[in-house]
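# Structure assessment
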Amino acid sequence: MSRNAFHNTFVCLLSCSRPVRSFLRPCGFSTSSSFFNQEPKITNAAQAEKEYGVKLRNKFLEKYQDVVERAGVTDPKAAARQHERGKLTARERLQVLLDPGTFREYDSLVTHRCEQFGMQDNRISGDGVVTGHGKINGRHVCVFAQDFLVVGGTLSQTHAQKICKVLDRAVDAGVPVIGLNDSGGARIQEGVDALAGYAEVFKRNVLTSGVVPQISVIMGPCAGGAVYSPALTDFVFMVNETSHMFLTGPDVVRSVTQEQVTQEELGGASIHTSRSGVAHVLSNNDIEALSQVRTLISYLPSSWRDIAPTFRPVETDSPTREDPFLDRIVPADPNSPYDMHQVIYRIVDSGEFFEIHKHFAPNILVGFSRMNGQTVGIVGNNPASLAGVLDINASVKAARFVRFCDAFSIPIITFVDVPGFLPGTAQEYGGIIRHGAKLLYAYAEATVPKITVITRKAYGGAYCVMSSKQLRGDTNYAWPSAEVAVMGAKGAVGIIFRGLTEEQLQKQVEDYEREFLSPMVSARRGYIDEIIRPSTTRKRICEDLVLLANKDESTVREATPQKKHGNIPL
């Protein structure tokens, strides 16, 4: 039907049927015969809309201007008290952490909903936590900073919802999430709603694990159930003397166990970074902690789908660089110690090694470095501490680090000098078998490129655990000083041969060393890919990383029997 024909029919219908006309008017249809010829008055409509918008905005400002202006403003007197404690305010911390001008805040006008205990008269915008996103070295991150100056930074239902929103946004955007913790715990006035809020945060931490890196920075108190959120994240930073973590405070401990203990002795930064292992990095002040977080972020990918950023080394640090000092760093006496730090510094780019858990279980080293600009995870036994043996703490420390690297596709380089597991009733009663199995499980499960260098001892079960060829190691090297065997020569000879003179015993030790300890034995069986000069280690590793850059991890996973998930011996 043509437009004119339709128009004539429509006009006829209107003229002949009053009920139709009365029906169309409320529906917004024109009943005039000039219906199709009218031009909309866009100018007048736009003008009216503009005037309405101005009136609406002015009305909003008249009513809420004081609220908007107070949002994001810290009380100067409260800020001064925070500074007297040696701490920055929540917003100052975000200014130090993020690139200038990049922070974008979420939910700055949110307030709690509690109506009991006079809380209805104490509503402060933001509800004690500042949330949003920003950039670190040009890369996006999501952040939240608890504000101790607002109701003690205590967690309410809406406070928890703001944190959950940030965690959800980090997962959706595929960017790391950083939490700055400074809180008095659950907001007692909200009762079970606060506890439910914590549980929601914990659930998000679990669901986010392995998707994007999660970093917690403890910059004040963190007590009770609040401690479990940082414990579920990948890395925990603590500030010396101003941060504390514990499930039950000194007063409860005193009433239950009669122990007299201070906050610092119970859950201070030095305790958790050296004895409990709860925290990974110890900082002297807020600014140093935030600077260290920025450094850590530079080594990490934004999510499990991404690769870590590449920083090419300066021209003087070529991937083919050799270091003759490594040819003599291992002492001739197999029982003499040396520092594995020196081996790492001389092999990685520009000697840079960001160590994790530096003060905890120093008999094993873990941390991040770069090889020819590529991020790598470093694991190494340290003969300078407890001869480099594996004990409970060392096994747990290394296992968690290996699993993090595998989750985010970071190649793992392992330097091995381990005489075995630490003997003794304390270790056996403490479950060294179960804890040692965690490290074995982590290495066997990992599908990322794994390169192993045996610098000296690799004895017994510890040889198997430390990324051996049998645990799907991609490349396994040995230095000429390597000793791969069930145990040391003297111990083995003492078991095999009894009643020998000192001269006969020494001859058997020499024969055992030649027949069983030499890396040639393992190389002939294919357990070691090559015996290399120590000075060429950097060159070899860089070449292997290039070769393994396209390693098909799915092939490794397909070779694993189908299952829901494994049961790591936790």
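Residues numbered from 1 in each chain as written. Predicted model: local features only at pLDDT ≥ 70, side-chain atom pairs only at ≥ 80, totals over all residues. Heavy atoms only, no water.

## Looking at the packing of aromatic side chains
Each pair of aromatic rings is reported with the distance of its centres and the angle of its planes. Following the criterion strictly, the structure yields 10 aromatic pairs and no others. A centroid spacing of 5.1 Å and a plane angle of 55° characterise the contact between Phe 368 and Phe 401, whose relative ring orientation is tilted. Taken as a pair, Phe 368 in strand 11 (residues 364–371) and Phe 401 in helix 14 (residues 392–407) lie far apart in primary sequence, 33 residues in all. Across the pair, exposure class does not vary: Phe 368 and Phe 401 are buried alike. With a centroid separation of 4.9 Å and 35° between ring planes, the pair formed by Tyr 512 and Phe 516 is classed as tilted. In this pair, Tyr 512 and Phe 516 are both assigned in helix 19 (residues 502–517), four residues apart and thus about one turn of the helix distant. The buried category is assigned to Tyr 512, whose relative accessible area is 11%. Assessed through its relative accessible area of 47%, Phe 516 is described here as partly exposed. Taken together, the ring pairs in this structure connect Phe 235, Tyr 299, Phe 354, Phe 368, Phe 401, Phe 404 and Phe 408 into an aromatic cluster. Lying across the ring of Phe 148, Lys 87 places its NZ or CZ 5.0 Å from the centre. (Phe/Tyr/Trp six-rings, centres within 6.5 Å; stacked < 30°, edge-to-face > 60°. Helix = DSSP H or I, 4+ residues; strand = E, 2+ residues; numbered from the N terminus. Buried < 20%, exposed > 50% of the residue type's maximum accessible area, 1.4 Å probe, protein only. Lys NZ or Arg CZ within 6 Å of the ring centre and 35° of its normal.)

## Topic: empty space enclosed by the protein
Tallying each qualifying case throughout the model produces three cavities of 30 Å³ or more. One number sums up the size of the largest cavity: a volume of about 100 Å³. Taken together, Phe 144, Gln 146, Leu 155, Ile 163, Asn 181, Ser 183, Tyr 198, Val 201, Pro 221, Cys 222, Ala 226 and Ser 229 form the lining of the largest cavity. For the lining of the largest cavity, the secondary-structure elements that each account for two or more residues are strand 3 (139–146), helix 7 (192–208) and strand 6 (221–223). Among the residues forming the lining of the largest cavity, the class breakdown is eight nonpolar, four polar and no charged. By volume, the second largest cavity amounts to about 90 Å³. Broken down by secondary-structure element, the contributors of at least two residues to the lining of the second largest cavity are helix 6 (157–173), strand 4 (177–181), strand 5 (214–218) and helix 8 (228–232). In terms of residue count, strand 4 provides more of the lining of the second largest cavity than any other element does, four residues in total. Classifying every residue of the lining of the second largest cavity gives seven nonpolar, seven polar and no charged. (1 Å grid on protein atoms, 1.4 Å probe; cavity = no way out; pocket = protein on both sides within 12 Å on 5 of 7 lines; lining within 4 Å. Points joined across faces, edges and corners; volume = space filled by probe spheres on them. Nonpolar A, V, L, I, M, F, W, Y, C, P; charged D, E, K, R; others polar.)

## Here's the deal with the sheet that holds strand 2 (residues 129–136)
Across the sheet, seven strands lie side by side as 1-2-3-4-5-7-9; this open sheet has mixed pairing. Both edges of this open sheet fall to strand 1 (104–106) and strand 9 (281–283), since each of them pairs with a single strand only. Along the sheet, successive strands turn relative to each other by an average axial angle of 20°, direction set aside. In the sheet, strand 7 (residues 235–239) pairs with strand 9 via three bridges, with the strands oriented parallel. What sits directly across from Phe 237, in strand 9, is Val 281. Contacts from helix 5 (residues 90–97) reach strand 1, strand 2, strand 3 and strand 4 within the one sheet, and its direction differs from that of strand 3 by about 160°. (Pairing = 2+ DSSP bridges. Axes fitted to C-alpha atoms, helices over the stretch in contact; angles between N-to-C directions. Contact = heavy atoms within 4.5 Å.)

## Some details on the nonpolar core
Among the nonpolar cores identified, the biggest contains 62 residues, and Ile 178, Phe 368 and Val 379 are the most heavily contacted of them. With seven residues, helix 14 is the single largest residue contributor to this core. When residues of this core are assigned to domains, at least three fall in each of domain 1 (3–34 + 77–299) and domain 3 (325–482 + 519–558). Discounting chain neighbours no more than four positions away, the residues touching Ile 178 are Leu 97, Ile 136, Val 141, Cys 142, Val 143, Phe 144, Ile 215, Val 217, Val 293 and Ile 297. By size, the runner-up hydrophobic cluster in this structure holds 26 residues, among which are Phe 144, Leu 155, Val 177 and Ala 269. (Core = buried A, V, L, I, M, F, W, Y, C linked by side-chain atoms within 4.5 Å. Domains from an automatic or database assignment.)

## Points about the side chain of Asp 349
The topology assignment puts Asp 349 in the loop between helix 13 (340–347) and strand 10 (354–356). Polar contacts involving the side chain of Asp 349 include one to the main-chain amide nitrogen of Asn 372, which spans 2.9 Å. Only 2.6 Å separates the side chain of Asp 349 from the backbone nitrogen of Gly 373, close enough to count as a polar contact. Excluding residues that lie within four positions of it along the chain, Asp 349 makes contacts with Phe 311, Pro 313, Asp 317, Arg 370, Met 371, Asn 372, Gly 373 and Arg 538. (Polar contact = N/O pair within 3.5 Å; in protein donor to acceptor, adjacent residues only side chain to side chain.)

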